[in-house]
Structures are given as structure tokens and as C-alpha cells.
Amino acid sequence: MTIARDRVLGLAGLSLLSAIFVGVTMPKGGKIVASKVESATVDMAGRKALVVGGTSGIGRGIARRLAVAGADVTIAGRSEKRGDEVLAEMRSVATHKSQTFSFAKLDCFNMTEVQQFGTQRGGAEPLDYLVMTQGMATTQGYTPTESSGLDQKLTLHYFSRVSLARSLVPALEQAKDPRVLSVLSAGVHGAYSHYAEDFDLSGGTYSIKNAADAAGFYNDIALDMLSREHTKVSFVHAAPGFVATNWGTEMPFVIRKLVRCLQVFGRSKEDCGEYMFKGLHSPRYGGGGLHLLDQYGEPTATKTPQHDTAAQTVWDKTKAILARFV
């Protein structure tokens, strides 16, 4: 009991320090104003976007910004009720009468469903933007999904994202300036050193830090490898910073309440959506390649030192796992 209590309190303390650090580095009003000025004339009329995780939080903020820009937006998630709320919000801010908005039901914990979803849409009409924000925040240990046995966090933060990106490449390559945006931890995570012997963290190396580092490290690598295979598509990995959303609903009560108190220092999902929107419209990130962005939508630190060494091993292991769901 004492060990469990100390573990929770220790995690709460770490969360507090991390949140305060991020909170005090929040941008002043000038940055968000400058970002809005930069994007004010962006017109995405006729372009199509798919926002996975768009029924809440950061994904909802990005979906709203895309709607303001005139794009046709499909949001994918588990809750049709929340999906309807987002659709209503997007319609209220739409700037073109011809815009269309839709909801697609998708459970990203289910890798077979994710693969089928991507395959069905991959050969359809052109897709300009694929945005992926699906995720969860917990203090749980390795927790396999019922459908695949893969860890829940890694399934949302990594495997489902790569599966969708690979499956939807044919649709993306039909667009003029296609972009893939994965919002997770660019420039924030460290390298996961056990990628060769315990790739999916099921062999005993699982910890909260290792799970976070592995997901971010793998996102960098997978998007980099995809950018080499599909040179027309721009692949963007971004870190959102500290955002006032329902993040952490799966966490223990004490930590969850602590996070809620600290969210007064966080930016709104709308402001986060504005910053992340840069990855979809700025000419700096078009024309293919891998782009790593910070919480303001600006270029961030380079890849981890282990990136190039681990890249082929991580990519091969990723493809081997995804092959199980084809």
C-alpha cells in the first residue's frame, strides 16, 4: 500500500513539475496573433482532410481550424455523439457554402478495424491532409488491447497512426500538396534504447517514460521512412505543448485533479489548433520530406542521435507487426 501510494504521489509530483515548466513557457499573446495573421488568407476550399481523433481535444481544435480555412473535413473517432457536436461546430464556422463535414466511426484500439478503414479509403478520392491525434494518458503498466495484444498506448500513439498513413498514401498521392500530421512529441521525447530486443515493450522494459519515448522515437522514424518511400507527401511530426483538454481522464483521481488545476496555464484547443495548422498550410513544410515542429508550429530540434542507427530495424519490425492485420 505504501509503495503504491508513494508511486502515485511521485508521479503526481513529476506531472506537476512538468506542467508548471510548460506553463511558464507558454507563448505571450504576440505569438498566437502572429500565427493567426500568417494563416488569415489561407483558403483550402475544395481540399479534403481526415482528422483521426477529431471528436475531442487537440484533434477537435485542428478540425475546427480546417473548417475555418474552407476545407471539407471528415473526423474519425469512437463516439458518434461527440462527432455530431464537432460537426455542428464546424458548420457554424464554415466559410464556404459548398463545404462538407462528416463523421466516420473508428476504434483505433482495434488494429484490424484501422487497417480496413485505411484500405477502404486509400483507393478512393484524393486526400489532401491526414491528421492524427488519437491518444491516451495513463499511469498503467503494459496493457494489451483485446483485439491485437499490443499495448494500448503504443497502439494509439504509434501502430494505428503508421497503419493509417501507409494505407492512405495512394489517396494522398493524388493531391497537389499532400501532408500527414502526427501530433505527439516531436523534439520532446528521448530515444528508446531497447528497440531491437523489446520493440513492442512486452518483454519487461515497459515504463511510463519508455512508452512515451518509444512512441515519439518510432513516430520520427516511421514518418521519415515513409517520406523516403513517398517523396511527394510531406510527413510532419509535432508536439502540441500543454493544452487545456480532457487529457488524462484515465489517470488516478489525485493526478487527474492536479492536472485540471494546472490547465489554467495551458493554451486552448483552438490556439493549439492554430499552431498545428501551420504544418498543413505553411510553404516551409510542403514539397515532401520529414518535418519536426514544436508547440508553436516552428521547426524543432533535430532527430535523436540514435535515429539513423535504429531506423531500418524499427521500420522492419513495424511492418512485420502491421502485416498481422492485413
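In what follows, the structure referred to is the one given above.
Considerations on the overall build of the protein chain
Helix and strand counts for the protein chain come out as 10 helices and 7 strands. By residue count, 54% of the 326 residues in the protein chain fall in the buried class. Surface accessibility of the protein chain: about 14100 Å² in total, with carbon and sulfur atoms responsible for 55%.

What to know about the environment of D72
Examined against the element boundaries, D72 turns out to sit in strand β2 (residues 72-77). Setting aside residues no more than four positions away along its own chain, D72 makes contact with G46, R47, K48, A49, S98, Q99 and T100. Within the structure, D72 has its side chain in polar contact with the side chain of K48 (distance 3.3 Å).

Observations concerning the packing of helix α5 (residues 111-122) against helix α6 (residues 152-172)
Contact pair α5 / α6: the axes reach a minimum separation of 7 Å and the direction vectors enclose 20°. In terms of orientation, α5 and α6 fall into the roughly parallel class. Every pair of crossing elements has a handedness; the one defined by α5 and α6 is right-handed. Residues M111, V114, Q115, F117, G118, T119, R121 and G122 of α5 form the contact with α6, whose own contacting residues are T155, F159, S160, S163, L164, S167, L168, P170 and A171. Partitioning the contact of α5 with α6 into residue classes produces 8 nonpolar, 8 polar and 1 charged.

A word on the pairing of strand β4 (residues 129-132)
Burial along β4 is two-sided: the residues Y129 and V131 and L130 and M132 are all buried. Sheet topology note: the β4/strand β5 (residues 179-183) ladder contains 4 bridges and is parallel. When the bridges of β5 are listed, M132 appears paired with S182. Considered for its hand, the β-α-β crossover made up of β4, α6 and β5 is right-handed.

Re the nonpolar core
Formed by 50 residues in total, the largest nonpolar core has its most connected members in V52, L130, F159 and Y218. Excluding anything up to four places from it in sequence, L130 contacts L50, V52, L164, A165, L168, L172, R179, V180 and L181. Among the nonpolar cores identified, the runner-up in size contains 34 residues, and A69, M90, L181 and A238 belong to it.

Regarding the pattern of salt bridges
Here the structure, examined in full by the defined rule, presents 13 salt bridges. For the salt bridge of D72 with K48, the shortest nitrogen-to-oxygen distance reads 3.3 Å. Taken together, the positions of D72 in strand β2 and K48 in strand β1 (residues 48-52) put the pair 24 residues apart, joining distant regions of the chain. For D72, a relative accessible area of 11% puts it in the buried group. Between R60 and E89 there is a salt bridge; the shortest N-O distance is 2.7 Å. Here R60, found in helix α3 (residues 57-68), pairs with E89, found in helix α4 (residues 80-93); they are 29 residues apart in sequence, far enough to count as distant. An identical accessibility class is assigned to R60 and E89; each is buried. Each of E38, K278, R284 and E298 takes part in salt bridges that share partners, so that together they form one network.

Regarding the sheet that holds β5
On the basis of which strands lie adjacent, the open sheet formed by 7 strands has the order β3-β2-β1-β4-β5-β6-β7 and parallel pairing. What marks the edges here is a single partner per strand, and that holds for β3 (101-105) and β7 (289-293). Averaged over all adjacent pairs, the angle separating strand axes in this sheet is 15°, with direction ignored. One ladder, built from 4 bridges, connects β1 with β4; its direction is parallel. Looking across to β4, one finds that L50 is bridged to L130. Running over the sheet, α4 touches β2 and β3 and is turned about 165° from β3.

Brief notes about the packing of α3 against helix α9 (residues 269-281)
Relative placement of two packed helices is described by the angle separating their axes and the distance separating the axes. Axis separation between α3 and α9 bottoms out at 8 Å; the angle between their running directions is 65°. Where α3 crosses over α9, the two elements pack in a sense that is right-handed. On α9, the residues that touch G57, I58, R60, G61, I62, R64, R65 and L66 of α3 are K269, E270, C272, G273, E274, M276, F277 and L280. Residue composition of the contact of α3 with α9, grouped by class: 7 nonpolar, 3 polar and 6 charged.

Section: the environment of A40
Structurally, A40 is set in the loop between α2 (29-39) and β1. The spacing of A40 and A69 is 29 residues in sequence and 8.4 Å in space, taken between C-alpha atoms.

Regarding α6
Roughly 35° is the biggest bend found in α6, and it falls at F159. Where α6 begins, one side-chain oxygen reaches toward the backbone nitrogen of K153, 3.1 Å away; that side chain belongs to D151.

Brief notes about the packing of aromatic side chains
Taken as a whole, this structure holds 9 aromatic pairs when the rule is applied. Ring centres 6.1 Å apart and planes at 70° place the aromatic pair F159 and F199 in the edge-to-face group. With F159 in helix α6 and F199 in the loop between β5 and α7 (208-229), the pair connects residues that are 40 residues apart, well separated along the chain. Of the residues examined, F159 reaches a relative accessible area of 1% and is grouped as buried. When the centroid spacing of 6.2 Å and the interplanar angle of 80° are considered together, the rings of Y192 and Y218 count as edge-to-face. In this pair, Y192 is assigned in the loop between β5 and α7 and Y218 in helix α7, connecting sequence segments 26 residues apart.

Basis of the calculations
Residues numbered from 1 in each chain as written. Predicted model: local features only at pLDDT ≥ 70, side-chain atom pairs only at ≥ 80, totals over all residues. Heavy atoms only, no water. Helix = DSSP H or I, 4+ residues; strand = E, 2+ residues; numbered from the N terminus. Buried < 20%, exposed > 50% of the residue type's maximum accessible area, 1.4 Å probe, protein only. Areas by Shrake-Rupley, 256 points an atom, 1.4 Å probe, with all protein chains shown as cover. Contact = heavy atoms within 4.5 Å. Polar contact = N/O pair within 3.5 Å; in protein donor to acceptor, adjacent residues only side chain to side chain. Axes fitted to C-alpha atoms, helices over the stretch in contact; angles between N-to-C directions. Parallel < 35°, antiparallel > 145°, perpendicular 65-115°, else oblique. Left-handed = near helix turned anticlockwise from the far one by under 90°. Nonpolar A, V, L, I, M, F, W, Y, C, P; charged D, E, K, R; others polar. Pairing = 2+ DSSP bridges. Right-handed = clockwise from strand over helix to strand, strands pointing away. Core = buried A, V, L, I, M, F, W, Y, C linked by side-chain atoms within 4.5 Å. Salt bridge = Lys/Arg side-chain N within 4 Å of Asp/Glu carboxyl O. Bend = angle between axes of the 7 residues up to and from the residue. Phe/Tyr/Trp six-rings, centres within 6.5 Å; stacked < 30°, edge-to-face > 60°.

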